[in-house]
Structures are given as C-alpha cells and as structure tokens.
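# Analysis of the macromolecular model
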Amino acid sequence: MDDRRRVGRCHWLERPDATTPLVEMGHLDSVRQKDGEQTIPVAVVENALEKLRDMVDLGEVAVILGIDRKHAWYLLKGGLIEPVVKRDGGSERNYRLQNRYSRTELLRLRDLIMKNTIMPCSEDLVPISKALKLANTSYVGILGAVIEGRFQRCARTEGEGISGLRFDPTEIESLYWTTPGSALDRAEVCNRMLLKSKAFTYLVTEGHLRAERIHLHQSRAPLWMVAENDLQEFDSKYVTFALIAKRTGCSTRGLGRRRQDGGIPLAFPEDKVGQCIVERIHLPVGIGPRSGRRP
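Report follows, based on the coordinates. Fair warning: this is a prediction, and the values are worked out from it, not measured in the lab.

## Brief notes about the overall build of the chain
Helix and strand counts for the chain stand at 14 helices and 12 strands. Looking at the chain as a whole, 42% of its 295 residues qualify as buried. In the chain, once contacts between residues fewer than 6 apart in sequence are set aside, the share between residues at least 24 apart is 63%. Split by element, the accessible area of the chain, about 17000 Å² in all, is 47% carbon and sulfur.

## Looking at the pattern of salt bridges
Applying the stated criterion across every chain, the model contains eight salt bridges. When salt bridges that share partners are traced, they join R210, D230, E233 and K237 into one network.

## Overview of unusual backbone geometry
For the bond from M119 to P120, the omega torsion is 0 degrees, close enough to zero to count as cis. With respect to the helices and strands, the residue P120 is situated in the loop between α5 (103-114) and β5 (126-127). Although it is not a glycine, L194 adopts a positive phi angle of roughly 55 degrees. L194 sits in the partly exposed class, given a relative accessible area of 22%.

## Things to note about the sheet that holds strand β7 (residues 165-167)
The pairing of strands in a sheet happens through backbone hydrogen bonds and is either parallel or antiparallel. As summarised here, the arrangement of the three strands in space is β5-β7-β6, forming an open sheet in which the pairing is antiparallel. Looking along the sheet, the strands with just one partner apiece sit at the ends: β5 and β6 (155-156). Examined bridge by bridge, β6 and β7 share two bridges and lie antiparallel to one another. Of the residues in β7, the one forming a bridge with A155 is R166.

## Some words on the environment of Y139
Tracing the backbone through its elements, the reader meets Y139 in helix α7 (residues 139-147). Sequence separation between Y139 and G78 is 61 residues, and the spatial gap between their C-alpha atoms is 8.5 Å.

## Details of the sheet that holds strand β9 (residues 212-214)
Taken in spatial order, the three strands make up an open sheet running β8-β10-β9, and their pairing is antiparallel. Taken across any chain shown, the strands that pair with only one partner, and hence form the sheet edges, are β8 (183-185) and β9. Between one strand and the next, the sheet's axes are offset by a mean angle of 45 degrees, whatever the strand orientation. Direction of pairing for β8 relative to strand β10 (residues 223-227): antiparallel, over a ladder of three bridges. Directly across from D185, in β10, lies its bridge partner M225. Set on the sheet, helix α9 (residues 186-193) makes contact with β8 and β10; between it and β8 the angle comes to about 90 degrees. The strands that helix α11 (residues 228-237) touches are β8 and β10; relative to β10, the one it contacts most, it runs at about 70 degrees.

## Notes on the packing of aromatic side chains
In this structure the tally under the stated criterion is five aromatic pairs. When the centroid spacing of 5.1 Å and the interplanar angle of 70 degrees are considered together, the rings of F151 and F167 count as edge-to-face. Taken as a pair, F151 in the loop between α7 and β6 and F167 in strand β7 lie far apart in primary sequence, 16 residues in all. Judged on exposure class, the residue F151 and its partner F167 are both buried. Judged by centre distance (4.9 Å) and plane angle (40 degrees), the ring pair of F234 and Y238 falls under tilted. For F234, a relative accessible area of 3% gives the class buried.

## Re the pairing of β10
Of the pairings in the sheet, the one linking β9 to β10 comprises three bridges and is antiparallel in character. Counterpart to I214 in the pairing with β10 is L223.

## Let's talk about the nonpolar core
One finds V61, I142, L143, F151, I162 and F167 to be the most contacted residues of the largest nonpolar core, which totals 35 residues. Only α3 (58-65), α4 (69-77), α5, α6 (128-135), α7, β7 and α8 (169-176) provide two or more residues apiece to this core. By residue number, the principal contributor to this core is α7, which donates six residues. If near-sequence neighbours (up to four positions away) are discounted, I142 is found in contact with I128, A131, L132, T137, F151, F167 and Y176. By size, the runner-up hydrophobic cluster in this structure holds 18 residues, among which are V189, F200, V226 and V273.

## A short note on α5
Between its first and last C-alpha atoms α5 spans 16 Å; for 12 residues at 1.5 Å apiece the expected length is 16 Å, and the two agree. Where the residues of α5 are buried, they touch β3 (55-56), α3, β4 (101-102), α7, β6 and β7.

## As for helix α13 (residues 252-262)
For α13, the full list of buried residues reads G254, L255, G256 and R259. As for α13, its buried residues are in contact with α12 (241-248) and β12 (277-279). Looking one or two places after α13, you find G263, whose phi comes out positive at around 70 degrees.

Scoring rules and cut-offs
- Residues numbered from 1 in each chain as written.
- Predicted model: local features only at pLDDT ≥ 70, side-chain atom pairs only at ≥ 80, totals over all residues.
- Heavy atoms only, no water.
- Helix = DSSP H or I, 4+ residues; strand = E, 2+ residues; numbered from the N terminus.
- Buried < 20%, exposed > 50% of the residue type's maximum accessible area, 1.4 Å probe, protein only.
- Contact = heavy atoms within 4.5 Å.
- Areas by Shrake-Rupley, 256 points an atom, 1.4 Å probe, with all protein chains shown as cover.
- Salt bridge = Lys/Arg side-chain N within 4 Å of Asp/Glu carboxyl O.
- Pairing = 2+ DSSP bridges.
- Axes fitted to C-alpha atoms, helices over the stretch in contact; angles between N-to-C directions.
- Phe/Tyr/Trp six-rings, centres within 6.5 Å; stacked < 30°, edge-to-face > 60°.
- Core = buried A, V, L, I, M, F, W, Y, C linked by side-chain atoms within 4.5 Å.
- Expected span 1.5 Å × (residues − 1).

So, in structure tokens, the structure goes:
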C-alpha cells in the first residue's frame, strides 16, 4: 500500500470537479466515492492534483487573456478556447459541474497572439473594438487573423493583454475590403452573359454558377462576386439566347422557333430564369457565339 492512497482520505477528491478527471482517465468508476471504496496510485493522484491546480473558470480566463467575461464567452462560442472539463446540468444530482479551462493552454494562446504584435504602439492605431467594426468580422475572426500573422502593424499596449491590441485602419481596409482582382460582381456577370437578374439569382442559388458574397466596403451590403475562372467555366457550357441574338443578328423569337424545330432543350426552366438559356453542346455549328469572349 506504500504506493497507493485511499480516495476517501484525500479531502480534495471529495469534490466532483476533482474526481471527474480521474473518472475520465479511467482510474475511478464514478465521481462520488465512499471512504475506502477504491485506492489509486499516488502518482495518479499527484497527476490529477496537477491538472486540478491548472484548471480555471471563465472569470479567470478573462483575467489571463486580458479581456472581459463577455469576450471570453465569445472565444468559447467561437471555438478558440475549449474547456477541459465541460459543464453539465446536474439534473439528477445535488451538484453541477461548471466549465473548467487549462491555464497552461490559455497562456499558450495568449503568447501565440502576442508574438505577432509589435511595440511601441503608435497613436494612429485603433483598439480592437473599433477594428471589429472596420473589418466587419467577429472577435474570434480578427484574433484568428492575428494568430495567422496576417497583420503587419498589429501592436499592443503594455500589460493589457488582448484588450490592449491596436490595429492599423489602412491595413484593415486592404485585408478586408479589397476587391478580388479576378472577380466580377453581379452587374458585370449579367452584362457579359446578358443574363437577367432573376436568372443570376437562380443559377447561383441552385449551384450552377459559383459565387461568393463578399464585403467590398464596410458601409455597404455584401455583393455576389464570381471568379473569372468560374464564369469562363459556366460560359463554356451555357449561352443565353440574348447573347446569341446579339452576336448573330437573329431575333430571339427566330431563335426560339429554330430551337423548337431542332428539338433543343432549355438548360434551365424558363419560368425560373426568365429567359432562354441552352447548353452549347446542343447548338448547331455556327449558331452560338464562341465562349470566353466579351460582348
């Protein structure tokens, strides 16, 4: 028995939040133990003691990271921090476990963020609260960008932790609001393909045309943007009657008759897109304009 210790005689192990790690590691059968019911190796007890001493609650998380409790909750919800012991309802017991976090991991996270900052902090930089509004991103999102090293001028004030981070508005503008060089907005796509707005919405919604909603400016709503390669891929497969008519001089009505006579199917329901769009593969040689050319 020299290398074993009775669980019931270790007063700290009478607490459910202390015995839980031992249960999770398989050294105990249940959280509640009667005096003398089980014995475990002293080394295991010492290991559990170390883990217990390393555990902190959400309030202490906020202190370690230099933020308030509300923002600590944001980090939890965003997955930037995770509890080592998760809370439960305690519905059938007279106790309830609360989330506990590893102080060691929190210090590692803080160091990971702070190593990508600079000092001293110049007066033209703005606090993280204003940076979030300028970037139109989340608390976790902007910290993730700091961790990835995307900011060259992210600075910090001495001794304030995350709340002391400062950002360059110009750098935020370049990172978050610059139009992708090869992307086209809805108007440009519709002009190139002679698509109606209704058709664009349908094609994007149904996944026939790949597009992404992007904020191009903080004061405006996000826009649908289509990469040049994705538009060229769509253009290589489909063409509107409007574009054929413009290139060939044939009326859309005449094209409609020729389509029916030739048994050419519409690529998409006309009532959904508001116009005639066909697959290029079904067109007779010389009828459809070549793909990849601007009107």
